[in-house]
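Structure at a glance
For reference, the chains in residue letters:
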Amino acid sequence: MHYDTAKRDHGLPHDPFKALVVSRPVGWVSTLGADGVANLAPYSFFNIVSERPHYVIFGSSGYKDSLRNIEATGEFAVNVASYTIREAMNMSSSVVPPHVDEFALAG
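Before going further, it helps to examine the overall build of the protein. Within the protein one finds three helices and five strands. Walking the protein from its N terminus toward its C terminus, one meets helices and strands in the order β-β-β-β-α-β-α-α. With the C-alpha coordinates of the protein rotated into their principal frame, the extents come out at 50 × 35 × 30 Å. Residues classed as buried in the protein amount to 25% of the 107 residues present. Excluding contacts between residues fewer than 6 apart, the proportion of contacts in the protein whose partners are at least 24 apart in sequence is 49%. Accessible area of the protein: about 7600 Å², with a carbon and sulfur share of 58%. A gap of 7 Å separates the mean positions of the 8 positive and 11 negative side-chain charges of the protein.

This is how it looks when you write it as structure tokens:
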């Protein structure tokens, strides 16, 4: 199959781009908003890209609470979501208002 990412004419129900690199770790990004509300969200576009200097990156599709909190506070933490905590990680991917603490939501 030839896949042209610019044309997106693959004919599949979902864009296969995320499946091009596997296995890929899921970064579980935690932030604290300026209002003190904790945020927790999984990011499948995440990795380290350099050691001198140390860089950890994650890509956000759209302007999400995580990004807003990072811009407000300048801080975030990244953990790797493992298989054993997959259910909690999936719960933290729920679309909820900014005042909802995803740590509490995920248990």
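On to the side chain of S92. Examined against the element boundaries, S92 turns out to sit in the loop between α2 (86-91) and α3 (102-106). Separated by 2.7 Å, the side chain of S92 and the backbone oxygen of M89 make a polar contact.

With that out of the way, let us pick up the sheet that holds strand β5 (residues 77-81). Note on sheets: strands pair through backbone hydrogen bonds, and any given pair is parallel or antiparallel. The three strands are arranged β2-β1-β5 in an open sheet whose pairing can be described as antiparallel. The open sheet has two edge strands, β2 (38-43) and β5, and neither has a second partner. When the angles between neighbouring strand axes are averaged without regard to direction, this sheet yields 25 degrees. In the sheet, strand β1 (residues 26-32) pairs with β5 via five bridges, with the strands oriented antiparallel. Within β5, the residue paired with W28 across the bridge is N79.

Turning next to the side chain of S66. Relative to the helices and strands, S66 is located in helix α1 (residues 65-73). By relative accessible area, S66 is classed as buried at 1%. Within the structure, the side chain of S66 is placed 3.1 Å from the side chain of Y43, a separation counted as a polar contact. Non-local contacts of S66, meaning those with residues more than four positions away in its chain, are made with T31, N39, A41 and Y43.

Cut-offs and rules
- Residues numbered from 1 in each chain as written.
- Predicted model: local features only at pLDDT ≥ 70, side-chain atom pairs only at ≥ 80, totals over all residues.
- Heavy atoms only, no water.
- Helix = DSSP H or I, 4+ residues; strand = E, 2+ residues; numbered from the N terminus.
- Buried < 20%, exposed > 50% of the residue type's maximum accessible area, 1.4 Å probe, protein only.
- Contact = heavy atoms within 4.5 Å.
- Areas by Shrake-Rupley, 256 points an atom, 1.4 Å probe, with all protein chains shown as cover.
- Lys, Arg positive; Asp, Glu negative; His and termini not counted.
- Charge placed at Lys NZ, Arg CZ, Asp CG, Glu CD.
- Polar contact = N/O pair within 3.5 Å; in protein donor to acceptor, adjacent residues only side chain to side chain.
- Pairing = 2+ DSSP bridges.
- Axes fitted to C-alpha atoms, helices over the stretch in contact; angles between N-to-C directions.

Worth remembering: the numbers are spatial, not functional.
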